[in-house]
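# Architecture at a glance
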Amino acid sequence: QVQLVESGGGLVQAGESLTLSCAASGRPLTSYAMGWFRQAPGKEREFVGALTWAGADTYADFVQCRFTASRDLAKDTVYLQMNSLTSEDTAVYYCAAGRNTQALRQGEARYWGQGTQVTVSS
């Protein structure tokens, strides 16, 4: 069993940056690929990005090089650095652990965090 706890959400102005964290406990992150998802009001949850235990990353097209996922295996924590935020990025952001990045791209995750709210004002 893995527990995931996100933090770092908040209210920012358009154009600003924010870094989300996801702390894992229960099992080492080297056992999983890690992903970030988001769900805006009235919309379905969507894939944002993911990375393998080795750190190879992949992102949704809408990210357009603005977001970077990373991980600190010593701290069992993954991060999502988000730059040039727009109001379209307003959503609840979730981290998840899955079998591999391809599965995460399909929304298939074994464990989910509870989410952290990101609000971008224009």
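To be clear, the structure that these remarks concern was listed above.
The present account deals with the structure reproduced in this document. (Residues numbered from 1 in each chain as written. Predicted model: local features only at pLDDT ≥ 70, side-chain atom pairs only at ≥ 80, totals over all residues. Heavy atoms only, no water.)

## A closer look at the overall build of the chain
The number of helices and strands found in the chain is 1 helix and 11 strands. Secondary structure elements of the chain, listed N to C terminal, follow the sequence β-β-β-β-β-β-β-β-β-α-β-β. A globule of 122 residues ought to have a C-alpha radius of gyration of about 14 Å, and the chain, at 13 Å, matches this closely. Principal-axis analysis of the C-alpha atoms places the extent of the chain at approximately 40 × 25 × 25 Å. Relative to all contacts within the chain whose residues are 6 or more apart in sequence, the contacts with residues 24 or more apart total 58%. (Helix = DSSP H or I, 4+ residues; strand = E, 2+ residues; numbered from the N terminus. Rg over C-alpha atoms; globule rule 2.2 N^0.38 Å. Contact = heavy atoms within 4.5 Å.)

## A closer look at the sheet that holds strand S8 (residues 77-82)
Pairing is antiparallel across the open sheet formed by 4 strands, whose spatial order is S1-S3-S8-S7. Each edge of the open sheet carries a strand with a single partner, namely strand S1 (3-7) and strand S7 (67-72). The mean angle between the axes of side-by-side strands here comes to 15 degrees, regardless of whether they run parallel or antiparallel. (Pairing = 2+ DSSP bridges. Axes fitted to C-alpha atoms, helices over the stretch in contact; angles between N-to-C directions.)

## What about the environment of alanine 50?
Secondary-structure assignment places alanine 50 in strand S5 (residues 46-51). Residues alanine 50 and tyrosine 94, spaced 44 residues apart in sequence, show a C-alpha to C-alpha distance of 12 Å. Apart from the residues lying within four places of it in its own chain, the contact partners of alanine 50 are Met34, Gly35, Ala56, Asp57, Thr58, Thr101 and Leu104.

## Brief notes about unusual backbone geometry
Although it is not a glycine, aspartate 76 sits at a positive phi angle of roughly 50 degrees. Structurally, aspartate 76 can be placed in the loop between S7 and S8.

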